[in-house]
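Single-letter residue listing:
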Amino acid sequence: MMKILKYKNQEIKYSIKRKNVKNINIRIRNNMVNISANNSVSEKYIEDILISKWSWIIKALKKKENIFLQNEEHKYITGEEFLYLGEKYPLKVIKSNENKLILDNNLLLYIEEDNSLTTRKRIIDNWFLNEMDYVFKDSFKRNYPLITAYTNIKPKLKYRKMTASWGNCRMPSGIITLNKYLIRTPLDFIDYVMVHELVHLIHQNHGRNFYSLLEKLMPDWKIRKELGNNYNL
């Protein structure tokens, strides 16, 4: 159940999930503060904890809102930021005798006389598609050997924009589809999603056997998964 806490002329949305845990855990996802605490902890005590961490929570919520806004339409002008592998890169548009995009400390967009929005978008979209293909295939190449002791299925990779998940694995066809927005997230998170979907080649549900194998193949998967909480689809 969602609750609202007001403090210093600001308010936050939060929810409490009662678990058998020793400490109060605070996570921020989808512009809401998610708390896990045991039944002995009062709601008043939890709100006092939230107030004590108020500045951090507000800063974290604003950061997530900024990341969420990356999904808006771009204007493709100098100074506009683009997310790539978890880092923000400002765009710098440069007049040139050829059309190309180079990643340095900035995204350097070299463009010819045709200075239209359509041309800029096409160049940047093509660059991201090429990077996506390379990064995703490289992740597969590095992580597929982890699973070969358990299956001889070699899946086919596909990419598309998805609004509800980072990836999925279709069986028995063995097709792994990755969300195109993954290219905006850190490589450690991309590798987590890859291994997660590879484990689905053996275990199609999220039962105990699935997580047991995931833990064996990627012992730090929980830490990697947390990285994805910074990005809203």
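On a predicted model such as this, the values are computed, not experimentally measured, just so you know. (Residues numbered from 1 in each chain as written. Predicted model: local features only at pLDDT ≥ 70, side-chain atom pairs only at ≥ 80, totals over all residues. Heavy atoms only, no water.)

In this section: helix α1 (residues 43–52). Here α1 has its buried residues at Ile-46, Glu-47 and Leu-50. Summarising the axial view, the buried residues of α1 lie within an arc of 100°, below the 170-degree limit, and thus occupy one face. Pointing more than 90 degrees away from the buried face of α1 are the exposed residues Lys-44 and Ser-52. (Buried < 20%, exposed > 50% of the residue type's maximum accessible area, 1.4 Å probe, protein only. Helix = DSSP H or I, 4+ residues; strand = E, 2+ residues; numbered from the N terminus. Arc of directions from axis to C-beta.)

The subject of this paragraph is the pattern of salt bridges. In this structure the tally under the stated criterion is 10 salt bridges. Lys-44 serves as the salt-bridge partner of Asp-48, at 3.0 Å between the closest nitrogen and oxygen. One end of the pair, Asp-48, and the other, Lys-44, are both in helix α1, four residues apart, so they sit about a helical turn from each other. Owing to a relative accessible area of 52%, Lys-44 belongs among the exposed residues under this scheme. A salt bridge links Lys-137 to Asp-133; the shortest N-O distance between them is 3.3 Å. With Lys-137 and Asp-133 both in helix α3 (residues 117–143) and four residues apart, the pair spans about one turn of that helix. Salt bridges here are not isolated pairs; linked through shared partners, they connect Asp-138, Arg-142 and Asp-191. (Salt bridge = Lys/Arg side-chain N within 4 Å of Asp/Glu carboxyl O.)

Here the structure, examined in full by the defined rule, presents 14 aromatic pairs. Ring geometry for Phe-140 and Tyr-144: centres 5.1 Å apart, planes at 25°, overall stacked. This pair shows no difference in class: Phe-140 is buried, exactly as Tyr-144 is. Connected via pairs of aromatic rings, a cluster forms that spans Tyr-76, Phe-82, Tyr-84, Tyr-89, Trp-127 and Phe-128. Its guanidinium or amino end placed over the ring of Tyr-110, Lys-100 lies 5.2 Å from that ring's centre, counting from NZ or CZ. (Phe/Tyr/Trp six-rings, centres within 6.5 Å; stacked < 30°, edge-to-face > 60°. Lys NZ or Arg CZ within 6 Å of the ring centre and 35° of its normal.)

Keep in mind these values describe shape, not function.
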